[in-house]
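Residues per chain are reported as follows:
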Amino acid sequence: MRRPYSIVLDLTERCNLKCVMCYFSGTDRLRFAPYDRSLSERGTMPVEVFEKVAADHFPRAHRVALACAAEPMIHPNFRDILEIAGRYRVPDLWFPTNLLPLVERTAEALVDHGVTTVAASIDGVTRETYEKIRIGARWDRLISRLELLGETKKRRGSKRPTLRIIFTWMKSNRHELRGLPAFAAEHGATELDVRFVTPTTGVDVSPELLDGEDQDELRADLRATAREAVSHGIRLTSFPEFETAADRPRSLVGRARRRVFNLRAGLERWEHWRHLWRERKNGCAYPGQTYVIRPNGAVSPCIFWQGDPIGFYPEDDFGSVQGGDALARIRDGLECGEPVGTCTDCIYRRDAFYRPFHRSPRKLLRPETP
Ligand SMILES: C[S@@+](CC[C@H](N)C(=O)[O-])C[C@H]1O[C@@H](n2cnc3c(N)ncnc32)[C@H](O)[C@@H]1O
């Protein structure tokens, strides 16, 4: 079976931390629409529901993220989840985590069930900054969990899961970005994901935003960090733009050097080109390629979608979601330049380039069911 899809899950509505920039600083439980729907009292996805989701989606997926908004490793059956996920040999099976709940048996399960990447969120490279941002976390615990992961891989003779470090850049850790590549290399990370803190619901992140900082200085820090990471052999899976158009070299040699650097850094990858192509072709690269499934079973076409879900687990299945009217309306809206729901104001939406020639939108072929 081909694997064209990317699946994003949340296994729980909870987190063990209350990071200053995160919605969990203002709530113990993150609810997903429809807000009155829950598949368990604690807000965790039941294992039997996960089993159905996995059987339906994972054989068709090139990438599965076992978490997005909450902390996956606090799911009470996380090891069962890993065992089920491992059956499908998904080429890119990964999840973001604060890593703190990791115990030895879970570390072994990560290796044994073929998790490809663990992305540990670490927003500081010193005890003081880390504990100031990641409220409830302890630096010593983090360091010991990084060691546990590394030792388990060594004992099992496995390079996987690879370690990615996620660093959310903000005022509180403004001056620690430059120390990130050395920290990452010291702890066996081979990938970095750096992103700016962004406004989010339920928490005032304005004291942490870097918008008011000198943008040239920020770009210089990013550039130096990127160069140092690459010199350590670390790839940048996600990284803010650090070049303006004026910074780009014009000479042939300069352009070639830039391209070589971007390829080594992972800043230019085949999947970026594919993403851009889908964006231009369909008006957005996500709907129909990505399925986001929350702990209450609600399915969305992307992580930004706030409207009604396009399906529900365990009631639906892949065919009914993919071929359903709800997804068709969203895709038609994007292709025809008449976006619906969240797509109306979404900053990721583009104009589909073949719109004027597109004569048979799905909504005309498939009238709304009464
Ligand atoms: C919400 S957490 C959920 C997964 C897991 N608990 C973790 O810590 O990675 C996912 C990522 O979002 C980042 N994050 C949280 N609030 C953010 C914000 N306001 N802007 C940008 N990233 C944010 C976190 O630092 C973390 O790397």
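Up top you'll find the structure we're talking about.
**Q** Can you lay out the pattern of salt bridges for me, pointing to particular residues and giving the numbers?
**A** Opposite charge on two side chains makes pairing possible when the charged atoms of those side chains draw close. Tallied over the full model, the rule gives 28 salt bridges. In this structure, Glu131 and Arg138 form a salt bridge, with 3.8 Å as the shortest nitrogen-oxygen distance. With relative accessibility at 23%, the residue Glu131 sits in the partly exposed group. Between Arg174 and Asp221 there is a salt bridge, with the nearest N and O atoms lying 2.6 Å from each other. Separated by 47 residues along the polypeptide, Arg174 in the loop between strand S5 (162–169) and helix H6 (180–186) and Asp221 in helix H7 (residues 215–231) bring together distant segments of the chain.

**Q** Please give an account of the site of the ligand that cites residues and values.
**A** Lining the immediate environment of the ligand, one finds 20 residues, of which Met21, Glu71, Ser121, Thr168 and Thr198 sit closest. Within the backbone of Met21, one N or O atom sits 2.9 Å away from a nitrogen atom of the ligand. Side-chain polar atom of Thr168 to an oxygen atom of the ligand: 2.9 Å apart, as the coordinates give it. Protein coverage of the free-state accessible area of the ligand, which is 550 Å², stands at 91%. Those elements that provide at least two residues to the shell around the ligand are strand S3 (92–97), S5 and strand S6 (189–196). Of the residues belonging to the shell around the ligand, the class tally is ten nonpolar, six polar and four charged.

**Q** Could you give me a rundown of the side chain of Arg14, with the residues and numbers involved?
**A** Here Arg14 lies in the loop between strand S1 (5–9) and helix H1 (47–57). For the buried residue Arg14, which engages in no salt bridge, the nearest side chain bearing the opposite charge is Asp28, 5.9 Å off. A polar contact of 2.8 Å, which involves the side chain of Arg14, links it to the backbone oxygen of Arg42.

**Q** I'd like a rundown of helix H11 (residues 325–336), residues and numbers included.
**A** Compared with an ideal rise of 1.5 Å per residue, which puts twelve residues at 16 Å, H11 spans 16 Å between its outermost C-alpha atoms and is within 8% of the ideal. Counting buried residues in H11 gives nine out of twelve residues, a clear majority hidden from the surface. For H11, the complete set of buried residues consists of Asp325, Leu327, Ala328, Ile330, Asp332, Gly333, Leu334, Glu335 and Cys336. Within two residues after H11, Gly337 carries a phi angle of roughly 75 degrees, on the positive side.

**Q** So, the packing of aromatic side chains: which residues are in play, and what are the values?
**A** Throughout the structure, instances matching the rule amount to 14 aromatic pairs. Between the aromatic rings of Tyr5 and Tyr291, the centroid separation amounts to 5.9 Å while the plane-to-plane angle is 65 degrees, which identifies the pairing as edge-to-face. Taken together, the positions of Tyr5 in strand S1 and Tyr291 in strand S8 (residues 290–293) put the pair 286 residues apart, joining distant regions of the chain. Between the aromatic rings of Tyr291 and Phe318, the centroid separation amounts to 5.6 Å while the plane-to-plane angle is 70 degrees, which identifies the pairing as edge-to-face. With Tyr291 in strand S8 and Phe318 in helix H10 (residues 318–322), the pair connects residues that are 27 residues apart, well separated along the chain. Look at Tyr291 and you get buried, because its relative accessible area is 1%. Geometry around Trp94 places Arg164 over its ring, the cationic atom sitting 4.9 Å from the centre. Over the ring of Phe261 we find Arg227; its NZ or CZ atom is 5.2 Å from the centre of that ring.

**Q** Account for a nonpolar patch on the surface, naming residues and giving values.
**A** On the surface, a cluster of nonpolar side chains totalling about 390 Å² of accessible area is made up of Trp270, Trp273 and Leu276. By the element assignment, Trp273 lies in helix H9 (residues 270–282). The class of Trp273 is partly exposed, set by a relative accessible area of 46%.

**Q** So what's going on with the nonpolar core? Residues and values would help.
**A** Core analysis: the biggest nonpolar cluster contains 96 residues, and Leu9, Phe50, Phe58 and Leu66 have the highest contact counts within it. In terms of residue count, helix H5 (residues 139–156) provides more of this core than any other element does, six residues in total. Formed jointly, this core draws a minimum of three residues from each of two domains, domain 1 (5–268) and domain 2 (281–365). Beyond its immediate sequence surroundings of up to four residues, Leu9 is in contact with Met45, Phe50, Val53, Phe58, Val64, Ala65, Leu66, Ala67, Cys68 and Ile293. By size, the runner-up hydrophobic cluster in this structure holds six residues, among which are Val8, Ala65, Ile166 and Val292.

**Q** Can you lay out unusual backbone geometry for me, pointing to particular residues and giving the numbers?
**A** Cis geometry marks the peptide bond from Ala33 to Pro34; its omega dihedral reads -5 degrees. Relative to the helices and strands, Pro34 resides in the loop between S1 and H1. Positive phi outside glycine occurs at Arg89, with the angle close to 45 degrees. As for its placement among the helices and strands, Arg89 is situated in the loop between helix H2 (78–86) and S3. On the basis of relative accessible area, Arg89 is assigned to the exposed category, the value being 70%. With a phi close to 70 degrees, Leu99 is a non-glycine residue in the positive phi region. Take Leu99: it is sitting in the loop between S3 and helix H3 (104–112).

Cut-offs applied
- Residues numbered from 1 in each chain as written.
- Predicted model: local features only at pLDDT ≥ 70, side-chain atom pairs only at ≥ 80, totals over all residues.
- Heavy atoms only, no water.
- Salt bridge = Lys/Arg side-chain N within 4 Å of Asp/Glu carboxyl O.
- Buried < 20%, exposed > 50% of the residue type's maximum accessible area, 1.4 Å probe, protein only.
- Helix = DSSP H or I, 4+ residues; strand = E, 2+ residues; numbered from the N terminus.
- Near = heavy atom within 4 Å.
- Polar contact = N/O pair within 3.5 Å; in protein donor to acceptor, adjacent residues only side chain to side chain.
- Areas by Shrake-Rupley, 256 points an atom, 1.4 Å probe, with all protein chains shown as cover.
- Nonpolar A, V, L, I, M, F, W, Y, C, P; charged D, E, K, R; others polar.
- Lys, Arg positive; Asp, Glu negative; His and termini not counted.
- Expected span 1.5 Å × (residues − 1).
- Phe/Tyr/Trp six-rings, centres within 6.5 Å; stacked < 30°, edge-to-face > 60°.
- Lys NZ or Arg CZ within 6 Å of the ring centre and 35° of its normal.
- Patch = residues over 30% accessible without salt bridge, like charges linked within 9 Å, V, L, I, M, F, W, Y side chains within 5 Å.
- Core = buried A, V, L, I, M, F, W, Y, C linked by side-chain atoms within 4.5 Å.
- Domains from an automatic or database assignment.
- Contact = heavy atoms within 4.5 Å.

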